[in-house]
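Next come the chains, spelled out residue by residue.
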Amino acid sequence: MSEEIRPGEVVYLIIRNPHAQDVAHVQQAAVVEDPERPNELALFVHETYYPMSDEFAIFKTEEEAEEAYTDAFGTPDIGGYNG
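A few points on the structure. Please read all numbers here as calculations on a predicted model, not as lab measurements.

Some points on the pattern of salt bridges
- Summed over the entire model, instances satisfying the criterion amount to three salt bridges.
- Asp 34 is the partner of Arg 37 in a salt bridge, and the nearest nitrogen-oxygen pair spans 3.9 Å.
- The shortest N-O distance in the salt bridge between Glu 40 and Arg 37 comes to 3.3 Å.

Remarks on the packing of aromatic side chains
- If you walk through the whole model with that rule in mind, you get three aromatic pairs.
- Ring geometry for Phe 44 against Tyr 49: centres 4.7 Å apart, planes inclined by 45°, an arrangement best described as tilted.
- Judged by relative accessible area, which is 31%, Phe 44 ranks as partly exposed.
- Ring plane angle 40° and centroid distance 4.9 Å describe the contact between Tyr 69 and Phe 73, whose orientation is recorded as tilted.

Here we look at the nonpolar core
- Judged by nonpolar contacts, Ile 5, Val 11, Leu 13, Ile 15, Ala 29, Val 31, Leu 43, Val 45 and Ile 58 together constitute the single largest core of nine residues.
- Among the elements that line this core, the one with the most residues is strand β1 (residues 10-17), at three residues.
- Sequence-distant contacts of Ile 5, defined by excluding residues within four places in its chain, comprise Val 11, Val 31, Leu 41, Met 52 and Ile 58.
- One finds Tyr 12, Val 26, Tyr 69 and Phe 73 within the second-largest nonpolar core, a separate group that totals seven residues.

Quick look at helix α1 (residues 62-73)
- For α1, which comprises twelve residues, the first-to-last C-alpha distance of 16 Å matches the rise-based estimate of 16 Å (1.5 Å per residue) to within 8%.
- Listing the buried residues of α1 in full gives Ala 65, Tyr 69 and Phe 73. Around the axis of α1, the buried residues are gathered within 45° of arc, so they sit on the same side. Exposed residues on α1 whose side chains face more than 90 degrees from its buried face are Glu 63, Glu 67 and Asp 71.
- Positive backbone phi, at 75°, marks Gly 74, one or two positions downstream of α1.

The rules behind these values
Residues numbered from 1 in each chain as written. Predicted model: local features only at pLDDT ≥ 70, side-chain atom pairs only at ≥ 80, totals over all residues. Heavy atoms only, no water. Salt bridge = Lys/Arg side-chain N within 4 Å of Asp/Glu carboxyl O. Phe/Tyr/Trp six-rings, centres within 6.5 Å; stacked < 30°, edge-to-face > 60°. Buried < 20%, exposed > 50% of the residue type's maximum accessible area, 1.4 Å probe, protein only. Core = buried A, V, L, I, M, F, W, Y, C linked by side-chain atoms within 4.5 Å. Helix = DSSP H or I, 4+ residues; strand = E, 2+ residues; numbered from the N terminus. Contact = heavy atoms within 4.5 Å. Expected span 1.5 Å × (residues − 1). Arc of directions from axis to C-beta.

Below, the structure is given as C-alpha coordinates:
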(Lines give C-alpha, C1' and ligand atoms only; values in the text may rest on other atoms or scores of the structure.)
Protein backbone atom coordinates (compact mmCIF):
# COMPACT_ATOMS: atom_id res chain seq x y z
CA MET A 1 0.00 0.00 0.00
CA SER A 2 1.56 3.26 -1.08
CA GLU A 3 -0.73 5.63 0.84
CA GLU A 4 0.28 6.69 4.32
CA ILE A 5 -1.67 5.08 7.13
CA ARG A 6 -2.37 7.03 10.30
CA PRO A 7 -3.44 6.08 13.83
CA GLY A 8 -7.21 5.95 14.18
CA GLU A 9 -7.84 4.64 10.68
CA VAL A 10 -9.75 1.46 10.00
CA VAL A 11 -8.14 -0.82 7.41
CA TYR A 12 -8.82 -4.29 6.05
CA LEU A 13 -6.53 -7.34 5.92
CA ILE A 14 -6.70 -10.84 4.56
CA ILE A 15 -6.05 -13.07 7.55
CA ARG A 16 -5.51 -16.80 7.65
CA ASN A 17 -7.03 -18.77 10.49
CA PRO A 18 -4.10 -19.81 12.74
CA HIS A 19 -5.82 -23.12 13.50
CA ALA A 20 -6.69 -23.97 9.89
CA GLN A 21 -4.20 -22.47 7.42
CA ASP A 22 -6.42 -23.28 4.46
CA VAL A 23 -9.08 -20.86 5.78
CA ALA A 24 -8.76 -17.11 5.18
CA HIS A 25 -11.08 -14.13 5.39
CA VAL A 26 -11.14 -10.34 5.17
CA GLN A 27 -10.81 -8.77 8.62
CA GLN A 28 -11.25 -5.20 9.76
CA ALA A 29 -8.38 -3.78 11.85
CA ALA A 30 -7.67 -0.54 13.66
CA VAL A 31 -4.40 1.31 13.12
CA VAL A 32 -3.03 2.35 16.52
CA GLU A 33 0.18 3.50 18.12
CA ASP A 34 2.12 0.43 19.19
CA PRO A 35 1.98 0.24 23.00
CA GLU A 36 5.32 -1.60 23.15
CA ARG A 37 7.27 0.40 20.55
CA PRO A 38 7.06 4.19 20.84
CA ASN A 39 6.62 6.08 17.56
CA GLU A 40 5.64 2.88 15.71
CA LEU A 41 2.25 1.80 14.41
CA ALA A 42 0.44 -1.46 15.06
CA LEU A 43 -2.69 -3.19 13.83
CA PHE A 44 -5.24 -4.02 16.51
CA VAL A 45 -7.09 -7.20 15.53
CA HIS A 46 -8.89 -9.73 17.74
CA GLU A 47 -7.79 -7.83 20.86
CA THR A 48 -4.13 -8.29 19.87
CA TYR A 49 -1.52 -5.78 18.67
CA TYR A 50 0.51 -6.69 15.57
CA PRO A 51 3.45 -4.45 14.64
CA MET A 52 2.99 -2.95 11.18
CA SER A 53 5.18 -4.67 8.62
CA ASP A 54 5.38 -5.49 4.94
CA GLU A 55 4.06 -8.95 5.81
CA PHE A 56 0.53 -7.55 5.92
CA ALA A 57 -1.47 -6.78 2.80
CA ILE A 58 -3.36 -3.71 4.03
CA PHE A 59 -6.31 -2.25 2.16
CA LYS A 60 -8.07 1.08 2.71
CA THR A 61 -11.49 -0.29 1.80
CA GLU A 62 -13.29 -3.55 2.32
CA GLU A 63 -14.02 -3.69 -1.41
CA GLU A 64 -10.29 -3.59 -2.25
CA ALA A 65 -9.62 -6.36 0.27
CA GLU A 66 -12.50 -8.49 -1.06
CA GLU A 67 -11.21 -8.08 -4.63
CA ALA A 68 -7.69 -9.14 -3.60
CA TYR A 69 -9.17 -12.07 -1.68
CA THR A 70 -11.12 -13.21 -4.75
CA ASP A 71 -8.00 -12.84 -6.93
CA ALA A 72 -5.98 -14.96 -4.49
CA PHE A 73 -8.52 -17.56 -3.39
CA GLY A 74 -11.37 -17.46 -5.90
CA THR A 75 -14.96 -17.75 -4.73
CA PRO A 76 -17.04 -20.75 -3.67
CA ASP A 77 -18.71 -20.70 -7.10
CA ILE A 78 -15.42 -20.79 -9.04
CA GLY A 79 -13.26 -23.90 -9.30
CA GLY A 80 -10.05 -23.83 -7.34
CA TYR A 81 -11.54 -22.16 -4.28
CA ASN A 82 -9.01 -22.49 -1.46
CA GLY A 83 -10.29 -20.08 1.18
